[in-house]
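Given next are the chains, with one letter for each unit.
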Amino acid sequence: MTDKPLSVAVIGAGMAGRSHAAGYRNVNTVFGAGLPPVRLAAIADANTALAQDAARRYGFDRALPSWEAVAEDPSIDAVSIVVGNDLHRPIAEALVAAGKHVLCEKPLAGSVEDARAMAELERGAEVVTAVGYTFRRSPAIAGIREHVRAGELGDLTLFSGRYWCDYATSPAGPLSWRFQGGPGSGALGDVGSHIIDVAEYVAGPIASVSGASLSTQITKRPLPLGAVVGHNAAPVSDEFGEVGNEDTASFTARFASGPVGTFSVTRTGFGLPNGLAFDVVGVGGRAAFDQHRPAEYLFDDAQPEARTRGARQVVAGPRLPYFAGGVPMEAPGVGVANGDSFTYQARAFLDQVAGAAEPLPACASFADALRTMEIIRAVVESSRLDGASVDVPVLS
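Starting afresh in each chain, residues are numbered from 1 along the sequence in its written order. Two thresholds apply to this predicted model, a pLDDT of at least 70 for residue-level local features and 80 or more for giving and counting side-chain atom pairs, whereas whole-chain, interface and lining totals are computed over all residues. With hydrogens and water stripped out, all remaining heavy atoms of the structure feed into the side-chain values.

> Any details on the packing of helix 7 (residues 187–203) against helix 9 (residues 366–384)? Residues and values, ideally.
Here an axis means a line fitted to C-alpha atoms, over the contact stretch when the element is a helix, while the angle between two N-to-C directions is reported on a 0 to 180 degree scale. Numbering of helices and strands runs from the N terminus, with a helix taken as a DSSP run of H or I at least four residues long and a strand as a DSSP run of E at least two residues long. Taken N-terminus to C-terminus, the directions of helix 7 and helix 9 make an angle of 115°; their axes are 10 Å apart at the nearest point. By the angle class used here, helix 7 and helix 9 are roughly perpendicular. Pair helix 7 / helix 9 crosses with right-handed handedness. Facing helix 7, whose interface residues are Leu188, Gly189, Ser193, Ile196 and Glu200, helix 9 presents Arg371, Thr372, Ile375, Ile376, Val379 and Val380. When describing relative orientation, an angle under 35 degrees is termed roughly parallel and one over 145 degrees roughly antiparallel, while 65 to 115 degrees is termed roughly perpendicular and anything else oblique. Take the far helix as the reference: if the near one is turned anticlockwise from it by less than a right angle, the crossing is left-handed, and if turned clockwise, right-handed. In what follows, a contact means two residues having at least one pair of non-hydrogen atoms within 4.5 Å.

Structure (structure tokens):
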């Protein structure tokens, strides 16, 4: 461990960018003294007022008006990319060329072609490249994965996953970049990428998809008059533009190890602010998780006494991954939430950058995130072929 500070920056000052910023601010408050001091160098955004506000809130040294200013600053070591998907590739290429470590938000890129180029960039990079799949850092989800890995559910038969959100239910919501792009770049790319990654994290690789259906409930939206931050409302004009991607999607899958998967995602699900949930079922047990109750999961197995069998609530506590050392009050029942996951993710990324002696499990790679995008492409192709089965490419 060195005393030389590790200098970090965030490109993008919106909702997710602020989550990355808060994560970096907290990395040395969790899991012991495995990192050098962290310098909170800069937050960059073309919306300079937004960048200045985020820098003030999270204690970063300065706000910058562009991602290029981050790439050109030799004092910055590691950077989070948290902007529109189409910008991920050029920013990542510039940062890697400048010798900076990169943590990129999901989905990896605006197209599979760009994602492939980024995965190829990763092959030859001499820096750490990683992707932000924060649900891997949930103590409850990681705990369920441990049950599966230990064989406590027996041979798996089914994974049923969903990510239902309500951020796009209002037809008055502005036509931001989230509603641009072709099939697969809407709810599938935004929230579907998370549940697909969780499915493979828990149940292993997906071999094929079928039965896919994509639909758009709100086909036109008003044009914004200014910048749109996250999922927030914004002033809009009287002009409308066409929505170019899906609000809702569903599909089935076959995992390489045999289980069946069923998936549905939506951004127009009324009353569901952040509804990622799944059930994983085997011949000897089952488990279930719901992000609306993030500090617990349900678990059921064959107890010796049949009279008392049934699903039981497992409350997050120090026996689960990430909890011990990851919260100020290490006691069951005190909760764990979305912000904690971003802290754990930032810590895992900087553990990789610093070569920590006892690192957290490594972040997903660009190659991992390319695989998610290949699955999304297969879902879109299945939909185009009226639900036909489409194999997921095996990446070398």
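> Which residues make up the pattern of salt bridges, and what values do they have?
Salt bridge, as used here: a side-chain nitrogen of Lys or Arg that lies within 4 Å of a carboxyl oxygen of Asp or Glu. Counted by the stated rule, this structure contains 23 salt bridges. Residue Glu113 is joined to Arg377 by a salt bridge in which the shortest nitrogen-to-oxygen separation is 2.6 Å. A residue pair is termed long-range when its members are at least 10 positions apart, and Glu113 in helix 5 (residues 112–124) and Arg377 in helix 9 qualify at 264 residues. Classification of residues uses two cut-offs on accessible area relative to the type maximum, computed with a 1.4 Å probe and protein chains only: under 20% is buried, over 50% is exposed, and between them is partly exposed. Given the relative accessible area of 43%, Glu113 is considered partly exposed. If you follow the salt bridges from partner to partner, you end up with Arg18, Asp53, Arg56 and Arg57 in one network.

> Pulling in residues and values, what's your account of the environment of Asp77?
Among the secondary structure elements, Asp77 is positioned in the loop between helix 3 (67–71) and strand 4 (78–81). Residues Asp77 and Leu6, spaced 71 residues apart in sequence, show a C-alpha to C-alpha distance of 6.4 Å. Within the structure, the side chain of Asp77 is placed 2.8 Å from the backbone nitrogen of Ser7, a separation counted as a polar contact. Identification of polar contacts relies on pairs of N or O atoms within 3.5 Å, with a donor-acceptor requirement for protein atoms, meaning one able to donate a hydrogen and the other able to accept it, and with residues adjacent in sequence counted only if both atoms are side-chain atoms.

> I'd like to hear about the packing of aromatic side chains, residue by residue, with values.
For Phe, Tyr and Trp, rings pair up if their centres lie within 6.5 Å, where Trp contributes its six-membered ring, and each pair is then called stacked (planes under 30 degrees apart), edge-to-face (over 60) or tilted (otherwise). Within this structure, the stated rule accounts for eight aromatic pairs. Taken together, Phe159, Phe251, Phe255, Phe263, Phe278 and Phe289 form an aromatic cluster joined through their ring pairs. In this analysis the charged atom, NZ for Lys or CZ for Arg, is taken to sit over a ring once it is within 6 Å of the ring centre and within 35 degrees of the ring normal. Taking NZ or CZ as reference, Arg162 lies 5.3 Å from the ring centre of Trp164, over its face. Between the NZ or CZ atom of Arg221 and the centre of the ring of Phe179, over which it lies, the distance is 4.3 Å.

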